[in-house]
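Understanding the architecture of this molecule
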Amino acid sequence: MPTRTAFLVRTVRARGANRKRQTRHGMPTHSSPHYSPHSGQTPPSPPDGSRAGDSRDFRAIRVSHRSFGIVAMAISVGGFLLFVLLSSFAPGLLNQPLFGHVTLGLACGVGAFVVMGLTAWRYTLHMERHIDPATDRLRAEIEHDEAQQTRTQQTRTQRTRGPQQRRFGAW
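Residues numbered from 1 in each chain as written. Predicted model: local features only at pLDDT ≥ 70, side-chain atom pairs only at ≥ 80, totals over all residues. Heavy atoms only, no water.

Glancing now at the overall build of the protein. Scanning the protein from terminus to terminus reveals 4 helices and 4 strands. Counting from the amino terminus, the protein carries its helices and strands in the arrangement α-β-β-α-α-β-β-α. Burial statistics for the protein: of 171 residues in total, 19% are counted as buried. Taking contacts inside the protein between residues at least 6 apart in sequence as the whole, the part at least 24 apart equals 58%. With an accessible surface of roughly 13,100 Å², the protein has 60% of that area assigned to carbon and sulfur atoms. (Helix = DSSP H or I, 4+ residues; strand = E, 2+ residues; numbered from the N terminus. Buried < 20%, exposed > 50% of the residue type's maximum accessible area, 1.4 Å probe, protein only. Contact = heavy atoms within 4.5 Å. Areas by Shrake-Rupley, 256 points an atom, 1.4 Å probe, with all protein chains shown as cover.)

The next point concerns a nonpolar patch on the surface. Judged by side-chain polarity, Met-73, Val-77, Leu-81, Leu-85 and Phe-89 come together as a nonpolar surface patch covering roughly 540 Å² of accessible area. Exposure remark for Met-73: the relative accessible area of 52% places this residue in the exposed category. (Patch = residues over 30% accessible without salt bridge, like charges linked within 9 Å, V, L, I, M, F, W, Y side chains within 5 Å. Salt bridge = Lys/Arg side-chain N within 4 Å of Asp/Glu carboxyl O.)

Working definition: two side chains of opposite charge can pair if their charged atoms are close together. Counted by the stated rule, this structure contains 1 salt bridge. Among the ionic pairs, Arg-139 bridges to Asp-136, the shortest N-O distance being 2.9 Å. Pair noted here: Arg-139 and Asp-136 are both in helix H4 (residues 104-161), with a separation of 3 residues, about one helical turn. Residue classification places Asp-136 among the partly exposed residues on the basis of a relative accessible area of 42%.

Glancing now at the nonpolar core. Residues Phe-58, Ile-61, Met-127, Ile-131, Ala-134, Leu-138 and Ile-142 constitute the largest nonpolar core, which totals 7 residues. Looking at this core, the elements that each hand over two or more residues are helix H2 (56-89) and H4. Here this core gets 5 residues from one element, more than from any other, and that element is H4. Residue contacts for Ala-134: discarding those within four places in its chain leaves Asp-57 and Ile-61. (Core = buried A, V, L, I, M, F, W, Y, C linked by side-chain atoms within 4.5 Å.)

Moving on: the packing of aromatic side chains. Each aromatic ring pair is specified by the distance between its two centres and by the angle formed by the two planes. If you walk through the whole model with that rule in mind, you get 1 aromatic pair. Each ring, one from Phe-68 and one from Tyr-123, has its centre 6.1 Å from the other, and the planes form 40 degrees; the classification is tilted. Separated by 55 residues along the polypeptide, Phe-68 in helix H2 and Tyr-123 in helix H4 bring together distant segments of the chain. Assessed through its relative accessible area of 17%, Phe-68 is described here as buried. (Phe/Tyr/Trp six-rings, centres within 6.5 Å; stacked < 30°, edge-to-face > 60°.)

Time to look at the environment of His-65. With respect to the helices and strands, His-65 occurs in helix H2. Separated by 66 residues in sequence, His-65 and Ile-131 place their C-alpha atoms 7.3 Å apart. Contact partners of His-65, with chain neighbours within four places excluded, come to Tyr-123, His-126, Met-127 and Ile-131.

With that settled, the discussion passes to the confidence of the model for the protein. The share of residues in the protein with pLDDT of 70 or more is 63%, and the mean pLDDT across the chain is 75. Confidence, expressed as mean pLDDT per element, reaches its minimum in the protein at strand S1 (residues 21-22) with 48 and its maximum at strand S4 (residues 102-103) with 90. (pLDDT = per-residue confidence, 0-100.)

What follows is the structure in structure tokens.
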């Protein structure tokens, strides 16, 4: 389960970046700054103190995304599969005229496109209303925890090294 948690945490971070990187072939790549598929690196695991996988928002994102995805897939794919099966095994039914030269098969074919469009529209609404707010809260929590960890580590290093000396870098 840690790998799934790490993947979803990286997905939450990448969604916030909202940018696409291009490879030399013009294909978008993973937008996480910590992972490059060409470097041979494996994705980093979450820090030991990370509670992102245990948070209520994280579970809400997973449940909401799964439940909507299953229903949307069942309706979209099921409707299209029904149309394909009817056209294969019941061509007489789909050849019945509705009005003018429009047949039931033609109406079902157009209906399949309408169902796909409605599914995509509902998906974007679902993401904006349910997933994005929870993702934003989770991202803020992760960033706050990381900033707190960084501050704690900096304080520890300052205590062990003493006061910081001014460093001059090369031009």
